[in-house]
Protein chains: 4
Amino acid sequence: MATVVKGWTRRKEARPAEILEAALALFAEKGFTATKMEDIAKRAGVTTGTPYRYFANKEEIFKAVVRESLIPQISFGEEMLSQFHGSGQALLEEVLRSWWQGVGETNLSGLPKLIIAEAGNFPDLAKFYYEEVIERGVRLIGRVITYGVERGDFRPVDVDYTVRVVMAPVIMGMIWKHSLGVCEREPIDTERYLKTVIELLLSGLTQPQQPANPASLEIPHA
Amino acid sequence: MATVVKGWTRRKEARPAEILEAALALFAEKGFTATKMEDIAKRAGVTTGTPYRYFANKEEIFKAVVRESLIPQISFGEEMLSQFHGSGQALLEEVLRSWWQGVGETNLSGLPKLIIAEAGNFPDLAKFYYEEVIERGVRLIGRVITYGVERGDFRPVDVDYTVRVVMAPVIMGMIWKHSLGVCEREPIDTERYLKTVIELLLSGLTQPQQPANPASLEIPHA
Amino acid sequence: MATVVKGWTRRKEARPAEILEAALALFAEKGFTATKMEDIAKRAGVTTGTPYRYFANKEEIFKAVVRESLIPQISFGEEMLSQFHGSGQALLEEVLRSWWQGVGETNLSGLPKLIIAEAGNFPDLAKFYYEEVIERGVRLIGRVITYGVERGDFRPVDVDYTVRVVMAPVIMGMIWKHSLGVCEREPIDTERYLKTVIELLLSGLTQPQQPANPASLEIPHA
Amino acid sequence: MATVVKGWTRRKEARPAEILEAALALFAEKGFTATKMEDIAKRAGVTTGTPYRYFANKEEIFKAVVRESLIPQISFGEEMLSQFHGSGQALLEEVLRSWWQGVGETNLSGLPKLIIAEAGNFPDLAKFYYEEVIERGVRLIGRVITYGVERGDFRPVDVDYTVRVVMAPVIMGMIWKHSLGVCEREPIDTERYLKTVIELLLSGLTQPQQPANPASLEIPHA
DNA sequence: AATGAATGAGCTTTCATTCAT
DNA sequence: AATGAATGAAAGCTCATTCAT
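As annotated in an unreviewed UniProt entry, chain A is TetR/AcrR family transcriptional regulator from Parachitinimonas caeni.

Next up, the structure:
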């Protein structure tokens with residue numbers, strides 16, 4: 001939230017970032033349509049017209065938020081994959097957990113909900129998000145699963161579709177936080193949720209053929 | 001859509017149902033906010049004021065759609081559960097498949113997306129949906145899993161949280177169809193998706209035949 | 001409120017009167033614009049279209065209410081005047097009290113408020129009411145005052161304008177009942193109000209016994 | 001009406017006042033409901049959305065009109081009372097005349113009609129007006145009468161109710177101007193009306209100098 | 001570069017009146 | 001004579017975007 005500096009002293013180059021930060025917070029809370037430009041401006045500590053100096057319109061602000069905040073998280077996952085040498089199980093868990101930490105526990109977790117909600121009414125946004133985020137994400141998880149299958153850690157599976165099944169609980173966890181989750185009597189215990197997800201997925205993916213290697217059932221980090 | 005008839009008569013008793021059908025189609029396509037009352041009216045073959053003869057406002061139309069269409073599907077699942085005598089695996093597959101058939105392949109599959117998207121801006125709707133749909137659905141799947149665990153078909157699991165993990169891929173499948181799914185080059189093969197989901201879940205839930213590593217079976221917090 | 005008779009048995013000739021009664025009650029409560037035709041119908045125990053069998057539109061219903069209910073009250077006052085033989089004071093009191101009883105304490109007391117409120121937006125209604133009610137009422141009170149002056153009971157006064165001053169507290173009393181009166185902590189004691197009105201008016205009109213100050217008796221513009 | 005200026009600037013600080021002035025004129029003419037926001041805007045020389053920058057909604061515009069225009073008139077009367085040293089008669093006449101001048105002869109005279117008309121349908125407005133205007137007005141006139149009674153200028157009277165009787169002709173005079181008054185062949189001569197009011201009221205309130213004729217003071221029927 | 005007043009199309013909801021039955 | 005479903009124009013309020021300063 002924009003460190004307050006004495007009036008004109010505030011460095012101009014911080015403006016766009018402050019606007020994007022404010023926009024992300026509001027997008028996550030209310031969605032795209034329900035977020036008013038004026039609220040973004042106010043929250044960024046500027047006036048109505050200022051965001052238009054830096055971004056052509058609300059859609060461009062959304063794209064910029066995605067580019068600046070979400071896409072680096074995917075790059076981070078790709079980085080991790082390229083340097084990984086352990087078991088498929090460990091890799092999958094590592095990727096899911098770091099995604100959860102970098103996205104699920106930040107305001108970014110509001111973006112999947114937003115895009116799901118508004119894709120139909122903003123086809124440009126949908127296309128952009130699909131190409132820049134979804135496709136890269138799917139490719140990343142696909143490579144993770146293939147890695148495990150090729151190492152013999154995972155059963156041979158229908159990779160393309162398994163990717164979606166693997167991602168679903170993580171995405172849903174994020175969506176939940178930002179929508180009906182607020183109706184629940186006791187908030188979700190995210191660590192417990194994540195643990196359940198990983199346990200079920202790994203257990204479902206793991207090669208059951210040979211007498212199980214007890215180590216491979218253990219939860220890494222445990 | 002409504003055979004055109006001269007004058008207003010004849011369709012009298014059919015009107016509310018026609019309006020709900022039109023509303024569901026539009027809700028699924030555009031969401032709650034973006035669905036204009038006038039569009040509902042037009043699609044139902046009536047004029048602006050007519051829906052208000054039957055429903056107090058847009059929120060009530062939504063509730064009626066849920067009550068008339070979605071809730072019976074849950075009742076159907078409860079019915080199925082109470083009469084089932086086979087294995088846990090068979091029960092879970094049966095429930096998921098029939099849910100998919102009765103909801104996922106109809107316009108009803110648009111409702112989860114809608115409610116996720118608009119919960120924050122329509123707390124009344126959220127509360128209604130949470131109490132009437134989510135809680136009953138969660139309870140149903142919880143009983144299905146417990147059934148399997150008690151029969152020894154499934155590993156002992158953290159039922160409350162496993163429910164969410166089991167439902168996630170099904171819900172996501174429905175959400176996908178109505179949002180970013182339209183961006184995909186080739187449409188999802190739903191049978192293939194469902195097969196992958198069930199295979200992974202059953203494989204993840206099923207009691208391993210050989211002596212398992214006890215540590216990995218523990219229920220968190222237990 | 002429409003004696004309930006077995007369905008079709010209800011004598012048709014009672015319909016218009018029932019509709020007017022319902023209309024008066026609602027007009028008094030909500031005013032002209034805010035009274036919905038459908039509410040009139042419902043309250044009269046018929047359906048939406050029925051009032052239109054008897055009256056061309058809402059304005060005509062209003063006129064009929066005035067003709068059937070309010071105008072007879074004026075005739076009654078005229079009757080009283082033509083047969084009266086006592087003092088001017090007694091006559092004025094009699095007229096005011098019987099007006100209060102026949103109008104002020106019934107739903108008719110809502111009509112002055114209504115017409116005052118809506119005259120600007122329904123010029124036809126205003127003209128009708130002015131000609132049929134106001135002019136006759138003013139003429140009546142004018143003759144009452146003249147009666148008192150000619151008998152020497154009242155000071156010689158500017159009759160035309162005194163009429164308005166005399167009527168004002170009675171009209172305001174009725175208006176009050178139907179509008180801001182509801183905000184008062186304790187409801188108006190109408191008998192006490194009426195007593196205060198009459199006391200002040202009679203005391204203000206009565207011929208002082210001692211040689212009067214001629215200046216104060218002059219009629220302006222005379 | 002707002003000298004037309006190029007662009008939107010310049011009138012910045014004047015806007016709210018211009019809007020209130022336009023609103024008052026329309027409220028006086030048509031009442032609250034029948035005054036369209038767009039008409040207020042047009043008359044103030046702006047477009048539909050502009051009034052909403054300054055006032056949350058139509059009700060708030062009404063309240064602002066009352067606060068800015070009517071309430072100062074009451075304060076003025078209170079001021080006058082606190083500095084007055086003459087006879088009760090002179091005080092009452094002074095107060096009524098200055099009220100007439102400051103309210104009766106301006107657009108403010110439309111407010112009593114408005115509030116009487118719409119109290120039932122806008123309870124919030126009614127409560128506000130009752131508390132901010134009526135109660136203070138009643139208290140003011142009550143003190144004026146008490147002043148006269150205590151000085152021996154007025155007969156001892158039922159102050160609470162006499163207040164209403166005294167105010168009635170003044171309020172009615174204002175109401176009349178804005179409703180059925182327009183139907184009259186020759187417009188009311190306000191000076192003549194006011195003179196008649198004051199003469200009748202003072203004559204009705206003044207302590208008879210001579211031994212009173214008990215009969216004439218008795219309340220008939222008592 | 002930044003401001004913030006102003007725009008105006010767009011949406012939900014209401015209700016007098018009509019007219020097929 | 002009576003019904004009551006349907007009409008459709010109208011009104012309050014919102015908000016992305018513009019542009020004079």
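After that view of the structure, there is still more to cover.
## Some remarks on the overall build of chain A
Assigned secondary structure in chain A consists of 10 helices and 0 strands. Secondary structure elements in chain A, listed N-terminal to C-terminal, are α-α-α-α-α-α-α-α-α-α. Here chain A, with 222 residues, has 52% of them falling under the buried criterion. In chain A, once contacts between residues fewer than 6 apart in sequence are set aside, the share between residues at least 24 apart is 74%. For chain A, the exposed surface amounts to about 10500 Å²; the carbon and sulfur share of it is 53%.

## Overview of the interface of chain B and chain A
With 52 residues of chain B in contact, the opposing surface of chain A contributes 51 residues. In total, about 4600 Å² of surface goes out of reach between chain B and chain A, with carbon and sulfur atoms giving 66% of it. Of all residues in chain B, the largest losses of buried area upon contact with chain A belong to Ile 116, Tyr 161 and Leu 200 of chain B, amounting jointly to 15% of the total for that side. The interface formed by chain B and chain A holds 8 salt bridges in total. Our count for the contact surface shared by chain B and chain A stands at 12 residue pairs in polar contact (both at pLDDT 80 or more). Sorting the residues of the side of chain B that touches chain A by element identifies α1 (15-30), α6 (110-118), α7 (123-150), α8 (159-177) and α9 (190-205) of chain B as the ones contributing at least two each. The element contributing the most residues to the side of chain B that touches chain A is α8 of chain B, with 12 residues. Among the residues making up the side of chain B that touches chain A, the classes are represented as 28 nonpolar, 10 polar and 14 charged.

## A look at the relation of the copies chain D and chain C
Between chain D and chain C, the superposition needs a rotation of 179 degrees and an axial shift of 0.1 Å, giving an RMSD of 0.2 Å. Classification of the inter-copy transformation places it as that of a two-fold axis. For chain D, the residue whose C-alpha comes nearest the rotation axis is Gly 204 of chain D, separated from it by 1.7 Å.

## Some words on the interface of chain D and chain C
Taken residue by residue, the interface counts 50 residues in chain D and 54 residues in chain C. For the pair chain D and chain C, the interface holds 8 salt bridges. Notably, a salt bridge pairs Arg 185 of chain C with Glu 135 of chain D, separated by 2.8 Å at the nearest N-O pair. Between the two partners, chain D and chain C, sit 12 residue pairs in polar contact (both at pLDDT 80 or more). Those elements that place two or more of their residues in the side of chain D that touches chain C are α6 (110-118), α7 (123-150), α8 (159-178) and α9 (190-205) of chain D. The residue makeup of the side of chain D that touches chain C, split by class, is 28 nonpolar, 8 polar and 14 charged.

## Looking at the confidence of the model for chain A
Low-pLDDT stretches of the model should not have their predicted coordinates read in fine detail. Residues and elements named next belong to chain A. Scored by pLDDT, chain A has a mean of 88; 87% of the residues are at 70 or more. Across residues 1-9 the pLDDT falls below 50, and counting only partners more than four positions away or on other chains, this stretch makes 5 contacts in the model. Low pLDDT, under 50, characterises residues 209-222; the stretch is placed with 13 contacts to residues that sit more than four places away or in other chains.

## Concerning the protein's contact with DNA strand F
Among the 35 residues in the neighbourhood of DNA strand F, the closest are listed as Arg 15 and Tyr 54 of chain B together with Thr 47, Thr 50 and Tyr 54 of chain C. Taking all atoms of DNA strand F within 4 Å of the protein, the share assigned to sugar and phosphate is 69%. In the model, a base nitrogen of DNA strand F is placed 3.1 Å from a nitrogen or oxygen of the Arg 53 of chain C side chain. Tyr 54 of chain C has a polar side-chain atom sitting 2.4 Å from a phosphate oxygen of DNA strand F. For the surface near DNA strand F, the secondary structure elements donating two or more residues are α3 (51-54) of chain B together with α3 (51-54) of chain C. The residue makeup of the surface near DNA strand F, split by class, is 10 nonpolar, 16 polar and 9 charged.

## A short note on the relation of the copies chain B and chain A
When chain B is fitted to chain A, the residual RMSD is 0.3 Å, and the transformation amounts to a turn of 179 degrees plus an axial shift of 0.1 Å. With an isologous cut-off of 70% or more, the 87% of interface residues of chain B that recur at the interface of chain A puts this contact in the isologous class.

## Describing the protein's contact with DNA strand E
In the vicinity of DNA strand E, 36 residues are found, and the nearest of them are Thr 47, Thr 50 and Tyr 54 of chain A together with Arg 53 and Tyr 54 of chain D. A breakdown of the atoms of DNA strand E within 4 Å of the protein gives sugar and phosphate a share of 69%. A distance of 2.9 Å separates a phosphate oxygen of DNA strand E from a polar backbone atom of Met 37 of chain C. Taken together, the elements giving at least two residues each to the surface near DNA strand E come down to α3 (51-54) of chain A together with α3 (51-54) of chain D. Across the surface near DNA strand E, the residue classes break down as 10 nonpolar, 17 polar and 9 charged.

## With respect to the environment of Met 80 of chain C
Residues and elements named next belong to chain C. Secondary-structure assignment places Met 80 in helix α4 (residues 58-82). Expressed as a C-alpha distance, the spacing of Met 80 and Glu 94, which sit 14 residues apart in the sequence, is 8.8 Å. In contact with Met 80, other than residues within four places in its own chain, are Glu 94, Val 95 and Ser 98.

## Some remarks on the side chain of Asp 153 of chain D
Residue and element names in this part refer to chain D. One can find Asp 153 in the loop between α7 and α8. Among the polar contacts listed, one links the side chain of Asp 153 to the side chain of Arg 151, at a separation of 2.8 Å. If sequence neighbours within four positions are ignored, Asp 153 has contacts with Ser 87, Gly 88, Gln 89, Gly 148, Leu 205, Thr 206 and Gln 207.

## Some details on the packing of aromatic side chains
Tallying each qualifying case throughout the model produces 21 aromatic pairs over all chains. Considering the side-chain rings of Phe 27 of chain D and Phe 62 of chain D, the 5.9 Å spacing of their centres and the 65 degrees angle between planes classify their relative orientation as edge-to-face. Residue Phe 27 of chain D is found in helix α1 (residues 15-30), and its partner Phe 62 of chain D is found in helix α4 (residues 58-82); the two are separated by 35 residues along the sequence. By relative accessible area, Phe 27 of chain D is classed as buried at 0%. Note on Phe 62 of chain D: relative accessible area 0%, which makes it buried. On the basis of an interplanar angle of 75 degrees and a centroid distance of 6.2 Å, the ring pair of Phe 84 of chain D and Tyr 147 of chain D is categorised as edge-to-face. A residue pair is termed long-range when its members are at least 10 positions apart, and Phe 84 of chain D in the loop between α4 and α5 (88-104) and Tyr 147 of chain D in helix α7 qualify at 63 residues. Here the two residues Phe 84 of chain D and Tyr 147 of chain D agree in accessibility, since each one is buried. Taken together through their ring pairs, the aromatic side chains of Phe 27, Phe 32, Phe 62 and Phe 122 of chain A make up a single cluster. Sitting over the face of the ring of Tyr 161 of chain A, Arg 164 of chain A holds its NZ or CZ atom 6.0 Å from the ring centroid.

Analysis parameters
- Starting afresh in each chain, residues are numbered from 1 along the sequence in its written order.
- Chain letters and ligand numbers both follow the written order, the letters beginning at A and the numbers at 1.
- For this predicted model, a pLDDT threshold of at least 70 governs which residues receive local features, and a threshold of 80 or more governs which side-chain atom pairs are given and counted, while totals over whole chains, interfaces and linings are taken from all residues.
- The side-chain figures draw on all heavy atoms in the structure; neither hydrogens nor water molecules are used.
- Helix and strand assignments come from DSSP, with helices taken as H or I runs of at least 4 residues and strands as E runs of at least 2, each series counted from the N terminus.
- Burial status follows relative accessibility: with a 1.4 Å probe on protein chains alone, a residue under 20% of its type maximum counts as buried, one over 50% as exposed, and anything between as partly exposed.
- Note on contacts: a residue pair is in contact if any heavy atoms of the two residues lie within 4.5 Å.
- In these tables, accessible area is a Shrake-Rupley quantity obtained with a 1.4 Å probe, and a residue counts as shielded only by the protein chains included in the view.
- Reported buried area values correspond to the accessible surface (1.4 Å probe) lost by two parts on association, with both partners' losses combined.
- We count a salt bridge whenever a side-chain nitrogen from Lys or Arg sits within 4 Å of a carboxyl oxygen from Asp or Glu.
- Within 3.5 Å is the distance limit for a polar contact, defined as a pair of N or O atoms, with the added protein rule that one can donate a hydrogen and the other accept it, and that residues adjacent in sequence qualify only through two side-chain atoms.
- Basically, the charged four are Asp, Glu, Lys and Arg, the nonpolar ten are Ala, Val, Leu, Ile, Met, Phe, Trp, Tyr, Cys and Pro, and anything else, Gly included, counts as polar.
- The least-squares superposition of copies is restricted to C-alpha atoms, and to residues with a pLDDT of at least 70 in both copies.
- Confidence of the predictor in every single residue is expressed as pLDDT, which spans 0 to 100.
- Residues are classed as near a molecule or strand on a simple rule: at least one heavy atom within 4 Å of it.
- Any Phe, Tyr or Trp ring, taking Trp's six-membered ring, that has another such ring centre within 6.5 Å forms a pair; planes under 30 degrees apart are called stacked, those over 60 apart edge-to-face, and the others tilted.
- Working rule: Lys NZ or Arg CZ, within 6 Å of ring centre, within 35 degrees of ring normal, means a charge sits over the ring.

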